Amino acid sequence: MVTANSVHEGANDLVARFAERYGFREDELLNTLAQTAFRQQNGSVPTREQMLSLLAVADCYGLNPFIKQIYGLSDRRGGVLPVISVDGWLLIMNSNPESDGIEFNYPDELIQFDEDMKPCHPWAECTVYRKDRTHAIRVREYLDELYRPAVIKNGKKFPGPWQTCPKRMLRHKSQIQAIRIAYGLSGLFEPDEAERILETQLGEPVPDLREAESKPVEPDSVKERDKPQSVSSEPDVLDEALAEMSGELLPEKDVISDEVPEPSDLEPQVLSFIDQIVDRAKGTGAFTAAQGFAQERFKDDGNALNYCLFRLDEAQAASAAPAA
């Protein structure tokens, strides 16, 4: 029979194991994780229950939270999504004694969905081999089901890894799904997948590009003069490092402007709806998802879009500011 005391003792044992493993005192381990590895993007600190949940997953798969092999995103229901980085998925695979290698396959064709992205294969296939299986596990992931357009804020585009490193992102997707199936992993999420779940909770439909018109591109046909001006000029090494996180957006650049959007021309119901979007974003910390939702909702109303993005910027800055 499970009692409150047995649950409490189990939690204490879990904390004690991690404290010993990483050289912390038990009383400082959770506080250190809350302020570093498990701290949310909006600066909020997860609850003790959420951190214990993440530690239980990390303990089960031998993941190190201090090097971001695992972290968490709080959802709107008070729970937490255990997010595993690409390095974490590879560790799980390579730690299994039955692991016997992995390989990738791509078509020669390259396509583009918009002017911001670099040419990419329409699909990537990952094959995982296990010593105890007669047949390999092969998974193919399609770009049109995964691609995420660049974020637009205050009328300016901020390209992310899906624009700058789409081949790498697509490879990560196929690799993670193949590992998940090959080793029977459930209840774990990769970063891009977790953000989509939060977007759904905010009410934003995930873009469906299967009906979109794609633009085939010959590998040698993309010239310097044809590159869109909005593509990020960040160094490739930064793009690749961000892509290794498998889904996180490039750091947003400051938009310097003396013009503050005026809400005076907006209808009261529109202002009320914007208030709801901002409140939801503040409550969940999913500001990127809220910005995407605003872009879709107000795509035909520039004034409302700019005002909503301005409010979200203010709220995100306030949430990240240290408490006085």
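Up top is the structure.
To keep things clear, this report deals only with the structure shown in the data block. Each chain carries its own residue numbering, running from 1 in the written order of its sequence. Side-chain atom pairs in this predicted model are given and counted only at pLDDT of 80 or more, local residue features only at pLDDT of at least 70, and totals for whole chains, interfaces and linings cover all residues. The basis for every side-chain value is the complete set of non-hydrogen atoms in the structure, without hydrogens or water.

**Thoughts on the packing of aromatic side chains**
Move 1: Aromatic pairing here means that ring centres of Phe, Tyr or Trp (its six-membered ring) are within 6.5 Å. Orientation follows from the plane angle: under 30 degrees is stacked, over 60 is edge-to-face, and everything else is tilted. On inspection of all chains with the given rule, the structure shows 6 aromatic pairs.
Move 2: Relative to Tyr22, the ring of Phe18 has its centre 6.0 Å away and its plane inclined at 35°; by these criteria the two rings are tilted. Highlighted residues: Phe18 and Tyr22, both in helix H1 (residues 4-22), separated by 4 residues, approximately one helical turn.
Move 3: Classification of residues uses two cut-offs on accessible area relative to the type maximum, computed with a 1.4 Å probe and protein chains only: under 20% is buried, over 50% is exposed, and between them is partly exposed. Given a relative accessible area of 0%, Phe18 falls into the buried group.
Move 4: A ring pair is formed by Tyr147 and Trp162, whose centres lie 6.4 Å apart and whose planes are at 80°; its orientation type is edge-to-face. By the criteria applied, helices consist of DSSP H or I runs no shorter than four residues and strands consist of E runs no shorter than two, each listed in order from the N terminus.

**A look at the pattern of salt bridges**
Move 1: The rule for a salt bridge is simple: a side-chain nitrogen of Lys or Arg has to be within 4 Å of a carboxyl oxygen of Asp or Glu. Inspection of every chain in the model, using the stated rule, returns 15 salt bridges.
Move 2: Linking Arg17 and Asp59 is a salt bridge whose minimum nitrogen-to-oxygen distance equals 2.8 Å. On the criterion of sequence distance, the pair formed by Arg17 in helix H1 and Asp59 in helix H3 (residues 48-61) is long-range, its members being 42 residues apart.
Move 3: Here Arg25 and Asp27 are joined by a salt bridge, their closest N and O atoms 3.2 Å apart. In this structure, Arg25 and Asp27 share a single accessibility class: exposed.

**Side note on helix H10 (residues 287-297)**
Move 1: Taking burial as the measure, the 11 residues of H10 include 9 buried ones, the bulk of the element.
Move 2: Within H10 the residues assigned to the buried category are Phe287, Thr288, Ala289, Ala290, Gln291, Gly292, Phe293, Ala294 and Gln295.

**A look at the pairing of strand S2 (residues 80-84)**
Move 1: The buried count for S2 comes to 5 of 5 residues, which makes it a mostly enclosed element.
Move 2: Along S2, one buried face is formed by Val80, Pro82 and Ile84 and the opposite face, lined by Leu81 and Val83, is buried too.
Move 3: By the convention used here, strands pair only if DSSP detects at least 2 bridges between them. Where strand S1 (residues 70-74) meets S2, 5 bridges bridge the pair, whose relative direction is antiparallel. Bridging from a neighbouring strand, Tyr71 pairs with Val83 of S2.

**Quick look at the packing of helix H4 (residues 86-95) against helix H6 (residues 166-182)**
Move 1: Axes, fitted as lines to C-alpha atoms, cover a helix only where it is in contact. Angles between the N-to-C directions of the axes lie from 0 to 180 degrees. The geometry of H4 relative to H6 is characterised by a closest axis approach of 10 Å and an angle of 35° between their N-to-C directions. For the pair H4 and H6, the sense of crossing is left-handed. On H6, the residues touching Val86, Trp89, Leu90 and Met93 of H4 are His172, Gln175, Ile176, Ile179 and Arg180. Each crossing gets its hand from how the near helix is turned against the far one by less than a right angle, where anticlockwise is left-handed and clockwise is right-handed. Residue contacts are defined here by distance: any two heavy atoms, one from each residue, within 4.5 Å place the two residues in contact.

Purely geometric stuff here, so don't read any function into it on its own.
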